[in-house]
Amino acid sequence: MRFALIGQPNCGKSTLFNQVAGYKAETGNFSGTTITYTETKVRLLGEVIQLVDLPGTYSLAGTNPVEREVFNFLVSHPVDVIINVLDASRVSHGLELSLELIELQRPIIVALNMMDEARRMGIIVDIQSLGKELGVPVLPVVASRGMGVRDLFMSALLLTRKSQGPERIEFSIDIEDIIQKISDDIHSDVGLLPKTTIAIKLLENDPTVIRSLQFTQPELAAEVSVLQAEILEKRGQQAVWVISGERHAISTRLGKNVVQEGVRKITFRDKLDDVFLHPVFGYFFLILVLLVFFQFVYMFGSLLEIPLLNLFNLLEEILLAPLVEGNLFYEILYGLIQGISGGLAIVLPYLMPFLFGLGLLEDIGYLPRVAFLMDALMHRLGLHGKAIVPFILGYGCNVPAIMSTRIMEDRRDRFLAATLATMVPCAARLAVVFGLVAYYLGPNYALIIYIFNLFVIALTAKLLSRMLPEDSPGLILEMPIYRLPTWRNVIHKTWFRLREFIVEAWPALIIGSILLSILTFLDWSYYLNLLVRPISWLLGLPSEVGVPLIFGILRKELSMVMLRQALGAEDLSTVITSVQMITFSVFVVFYIPCLATLMVIKKELGTQAVLIISGLTVLIATISALIARFSASIFMIS
Amino acid sequence: MKKTDQKPIFPLFEARPGRLLRVMIFSGGSGIEHKLRQLGVKPGDCIELLRRAPFDGPLLIRVRKREIALGIGVAANILVEAAECDLP
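To keep things clear, this report deals only with the structure shown in the data block. Bear in mind the structure is a predicted one, so any value in this text is a computation, not a measurement. (Residues numbered from 1 in each chain as written. Chains lettered and ligands numbered in written order. Predicted model: local features only at pLDDT ≥ 70, side-chain atom pairs only at ≥ 80, totals over all residues. Heavy atoms only, no water.)

1. Notes on the overall build of chain A
1) Next: Counting its secondary structure elements, chain A contains 27 helices and 10 strands.
2) Next: The C-alpha atoms of chain A give a radius of gyration of 29 Å, which matches the 26 Å a tight globule of 638 residues would have.
3) Next: By principal-axis analysis of the C-alpha atoms, chain A measures approximately 85 × 50 × 50 Å.
4) Next: Looking at chain A as a whole, 57% of its 638 residues qualify as buried.
5) Next: Here the contacts in chain A between residues at least 6 apart in sequence split such that 76% fall between residues at least 24 apart.
6) Next: In chain A, 51 positive and 57 negative side-chain charges are present, and the distance between their average locations comes to 3 Å. (Helix = DSSP H or I, 4+ residues; strand = E, 2+ residues; numbered from the N terminus. Rg over C-alpha atoms; globule rule 2.2 N^0.38 Å. Buried < 20%, exposed > 50% of the residue type's maximum accessible area, 1.4 Å probe, protein only. Contact = heavy atoms within 4.5 Å. Lys, Arg positive; Asp, Glu negative; His and termini not counted. Charge placed at Lys NZ, Arg CZ, Asp CG, Glu CD.)

Structure, rendered in structure tokens:
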């Protein structure tokens with residue numbers, strides 16, 4: 001048995017999901033896409049129910065790929081009950097989606113959520129009349145506190161005993177006539193849709209339905225466009241707007257009948273934005289919030305990282321001691337330990353607090369405010385305000401940065417933001433810049449590299465956004481009201497995202513690590529150096545940097561550690577010049593992201609993106625390092 | 001102002017915060033229009049411009065109990081008139 005949760009963004013749908021979801025909830029991909037949904041098993045009265053949490057959408061005629069998948073899912077998947085989550089404080093607007101769902105004529109139940117919120121705002125919803133008007137059961141819930149959730153699922157389960165869905169609420173008579181005319185001529189199926197829905201969707205120019213019918217019933221297209229022209233002539237508006245207007249009229253009428261609006265009081269929460277979105281203080285608080293966030297992540301991360309690394313070093317000594325160095329088994333074991341410790345001791349300690357903090361900011365509703373404040377700046381780089389989030393996260397670790405590109409709707413924006421995020425020097429690259437440049441040449445040179453890095457990122461953004469022109473004119477983003485975070489929600493979200501790294505990126509990290517160990521065993525370092533020689537020659541670096549650079553793909557700080565090994569000197573200043581140090585560091589900052597990041601890019605954006613980003617970053621790294629090499633030679637006569 | 005007077009129509013991004021405005025027409029692609037209508041912004045609706053971000057940043061409007069941030073490019077494509085109307 002399968003239930004699907006559907007609702008508009010910010011209606012508390014995921015909070016409801018997390019109330020019933022266990023830690024074993026699965027994340028799945030919509031077929032052929034990287035768009036994910038979450039699914040969990042719920043046991044009720046001996047029945048096992050598969051509960052699917054579909055992405056939030058304002059309408060089934062979604063305007064972005066994520067929203068489109070909700071309709072596609074309903075077309076192709078049998079769902080026993082649709083649970084439509086409706087925000088009790090904004091009933092009439094939310095009803096527009098409910099009407100669309102009722103049109104599907106499948107068993108549906110409305111969960112009227114945030115009843116507490118509505119009551120505080122003085123809004124009274126007549127639940128019984130709403131149910132009667134819609135012809136579907138309506139149940140009040142407060143998802144954040146788990147109130148009414150059990151009753152909701154019991155009622156949903158009862159609904160499955162009924163085979164018939166609700167009657168749809170009819171539009172004006174002239175439109176109904178046209179819908180009838182089209183549906184009479186429909187003889188082929190479109191997934192699980194009833195004929196009237198197919199007819200409505202054809203009038204709305206829905207791409208999914210049009211694509212499905214263009215081979216089975218190509219003659220329909222002509223008929224539909226004649227009828228669309230008829231509507232345009234009669235109503236003076238395109239059919240798609242007429243239909244959305246019809247739904248709008250019905251939901252406004254229903255809203256008036258069942259909702260008693262309270263007097264809007266200006267509350268403390270309304271005042272918050274006077275500070276957080278203030279032209280001056282807003283930015284001040286943004287910086288403060290980010291500083292606290294970073295402090296938290298670094299504190300938590302280093303608290304775990306150091307003892308964990310010590311533990312692994314100890315483990316390495318104990319396990320490797322009885323073996324002969326240079327032996328194949330020794331190298332494989334070494335690679336295995338490196339891979340496991342890389343994930344457990346270096347990535348996870350930072351990823352955990354990062355994802356937790358991100359989930360917290362998301363739950364409170366602060367992230368859209370960040371987008372609001374940063375939109376102007378990001379716009380000059382050819383991006384939207386939302387792109388600032390991965391960019392900031394990148395300074396800690398690129399892995400959560402790439403994951404966070406999901407908040408962007410457009411694929412082009414996600415790709416651009418992901419590319420730029422990989423160029424942000426993460427904590428591991430900080431180790432290289434500080435261990436090499438700051439240690440030997442002083443912290444000012446490290447600062448110059450960071451500023452140079454920002455400059456290169458801005459330039460890359462400019463160039464890329466010119467090559468990939470924007471297809472949307474800019475930000476359209478709802479500002480949800482501030483809410484207290486629901487811990488259960490935040491912890492679940494953190495765990496789901498963390499698990500994705502553990503299951504998908506970490507094993508690859510371990511395998512890659514073992515492969516590189518085998519290469520070392522085979523003593524291919526000569527060939528590896530030869531492979532990188534064109535670049536190292538161009539940059540005026542010794543050919544021995546090849547191996548450290550290749551191992552750096554595995555884990556960025558390895559470039560630093562292995563440079564000593566490769567050059568055979570403890571004090572690097574005796575073997576390479578200051579100019580070479582700067583050139584090397586700049587190259588390390590920009591070239592190919594680490595393996596864990598590449599794995600996440602592959603998951604989020606596909607293999608093609610991995611190849612493009614790898615190639616592009618090598619190119620950018622080479623050019624930037626060349627610029628660094630020549631400007632350093634001019635300014636530092638060492 | 002008398003009702004017979006033709007009120008001037010201007011793009012939303014020229015409006016000052018705190019004003020009530022009536023949405024007259026969307027220009028630009030149907031992509032924006034689609035998204036805006038889904039969020040409840042339609043021609044004829046009354047909206048309130050709440051605030052704007054500095055440096056030609058986005059505008060924050062209130063419509064039908066929702067607060068929506070609109071990038072400057074979007075705001076340039078929404079033509080409005082000054083209105084004395086109730087917020088829906």
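2. Overview of the state of the cysteines
1) Next: One pass over the structure, following the stated rule, counts 0 disulfides over all chains.
2) Next: Between Cys 594 of chain A, a cysteine without a disulfide, and Cys 426 of chain A, which holds the nearest cysteine sulfur, the sulfur-to-sulfur distance is 6.3 Å. (Disulfide = S-S within 2.5 Å.)

3. Let's talk about the interface of chain A and chain B
1) Next: At the junction of the two partners, chain A supplies 39 residues and chain B supplies 33 residues.
2) Next: Taking both sides of the interface into account, the surface hidden between chain A and chain B amounts to around 3,200 Å²; carbon and sulfur atoms contribute 56%.
3) Next: Taken as a group, Trp 241, Phe 372 and Ile 476 of chain A account for 22% of the area that chain A buries against chain B, more than any other trio of residues on that side.
4) Next: Counting across the chain A and chain B interface gives 3 salt bridges.
5) Next: A salt bridge links Glu 67 of chain A to Lys 35 of chain B; its shortest N-O distance comes to 3.2 Å.
6) Next: Among the residues making up the side of chain A that touches chain B, the classes are represented as 15 nonpolar, 13 polar and 11 charged.
7) Next: Strand direction decides the pairing type here: strand E10 (residues 476–479) of chain A and strand E5 (residues 66–70) of chain B, joined by 4 bridges, are antiparallel. Considered in E5 of chain B, the bridge of Leu 477 of chain A is made with Ala 69 of chain B. (Buried area = accessible area lost by both parts, 1.4 Å probe. Salt bridge = Lys/Arg side-chain N within 4 Å of Asp/Glu carboxyl O. Nonpolar A, V, L, I, M, F, W, Y, C, P; charged D, E, K, R; others polar. Pairing = 2+ DSSP bridges.)

4. A short note on the side chain of Arg 168 of chain A
Residues and elements named next belong to chain A.
1) Next: Within the fold, Arg 168 resides in the loop between helix H6 (149–159) and helix H7 (173–185).
2) Next: What makes Arg 168 buried here is its relative accessible area of 12%.
3) Next: Reaching out from Arg 168, the side chain makes a polar contact with the side chain of Glu 176 at a distance of 2.7 Å.
4) Next: The contact partners of Arg 168, leaving out residues within four places of it in the chain, are Ile 102, Glu 103, Gln 105, Glu 176, Ile 179, Thr 196 and Ile 200. (Polar contact = N/O pair within 3.5 Å; in protein donor to acceptor, adjacent residues only side chain to side chain.)

5. Quick look at the pattern of salt bridges
Any two side chains of opposite charge can pair, given that their charged atoms come close.
All names here are of chain B.
1) Next: A full pass over the atoms with the stated rule returns 29 salt bridges over all chains.
2) Next: A salt bridge links Lys 42 to Asp 45, with the nearest nitrogen and oxygen atoms 3.2 Å apart. Per residue, the accessibility class of Lys 42 equals that of Asp 45, and both read buried.
3) Next: When the shortest N-O distance is used, the salt bridge between Arg 62 and Glu 48 registers 3.7 Å. One end of the pair, Arg 62, is in strand E4 (residues 59–63); the other, Glu 48, is in strand E3 (residues 46–52), and 14 residues separate them in sequence.
4) Next: A relative accessible area of 14% means that Arg 62 is categorised as buried.

6. Observations concerning the packing of aromatic side chains
All names here are of chain A.
1) Next: Enumeration over the complete set of coordinates arrives at 11 aromatic pairs over all chains.
2) Next: The interplanar angle of 85 degrees and the centroid separation of 5.9 Å between the aromatic rings of Phe 284 and Phe 285 together place this pair among those described as edge-to-face.
3) Next: One aromatic cluster in this structure is built from Phe 276, Phe 284, Phe 285, Tyr 366 and Tyr 482.
4) Next: In this structure, Lys 556 packs its charged tip against the face of Tyr 591, placed 3.9 Å from the ring centre. (Phe/Tyr/Trp six-rings, centres within 6.5 Å; stacked < 30°, edge-to-face > 60°. Lys NZ or Arg CZ within 6 Å of the ring centre and 35° of its normal.)

7. Looking at the pairing of E5 of chain B
Residues and elements named next belong to chain B.
1) Next: Within E5, 5 of the 5 residues are buried, leaving the element largely enclosed by the surrounding structure.
2) Next: Residue alternation in E5 divides its side chains into two sets, Arg 66, Ile 68 and Leu 70 and Glu 67 and Ala 69, and both sets are buried.
3) Next: Two elements, E4 and E5, share 5 bridges in a ladder whose sense is antiparallel. Within E5, the position partnered with Leu 59 by the bridge is Leu 70.

8. Remarks on a nonpolar patch on the surface
Residues and elements named next belong to chain A.
1) Next: Judged by side-chain polarity, Leu 328, Phe 521, Leu 522, Trp 524, Tyr 526, Tyr 527 and Leu 530 come together as a nonpolar surface patch covering roughly 720 Å² of accessible area.
2) Next: Per-element tally for the nonpolar patch: the top contributor is helix H22 (residues 525–538), with 3 residues.
3) Next: Position of Leu 328 among the secondary structure elements: in helix H14 (residues 328–364). (Patch = residues over 30% accessible without salt bridge, like charges linked within 9 Å, V, L, I, M, F, W, Y side chains within 5 Å. Areas by Shrake-Rupley, 256 points an atom, 1.4 Å probe, with all protein chains shown as cover.)

9. Quick notes on the pairing of E4 of chain B
1) Next: Taken across its 5 residues, E4 of chain B has 5 buried, putting it largely inside the fold.
2) Next: Where burial is concerned, the two faces of E4 of chain B agree: the one with Leu 59, Ile 61 and Val 63 of chain B and the one with Leu 60 and Arg 62 of chain B are both buried.

10. Describing the nonpolar core
The nonpolar side chains of a soluble globular protein tend to be buried, and buried together.
Residues and elements named next belong to chain A.
1) Next: If you look at the biggest cluster of nonpolar residues, it comprises 117 residues, and the most contacted ones within it are Phe 501 and Phe 590.
2) Next: Per element, the largest residue contribution to this core is 9 residues, and it comes from helix H25 (residues 578–590).
3) Next: In this structure Phe 501 touches Gly 343, Val 347, Leu 348, Leu 351, Val 399, Met 403, Trp 506 and Ala 596, once residues within four positions along its chain are discounted. (Core = buried A, V, L, I, M, F, W, Y, C linked by side-chain atoms within 4.5 Å.)

11. Considering unusual backbone geometry
Residues and elements named next belong to chain A.
1) Next: In this structure, Gln 105 takes a positive phi of about 55 degrees despite not being glycine.
2) Next: Mapping Gln 105 onto the fold places it in the loop between helix H3 (91–103) and strand E6 (108–113).
3) Next: Judged by its relative accessible area of 33%, Gln 105 falls in the partly exposed class.
4) Next: You will see that Met 114, though not glycine, has its phi angle at about 60 degrees, which is positive.

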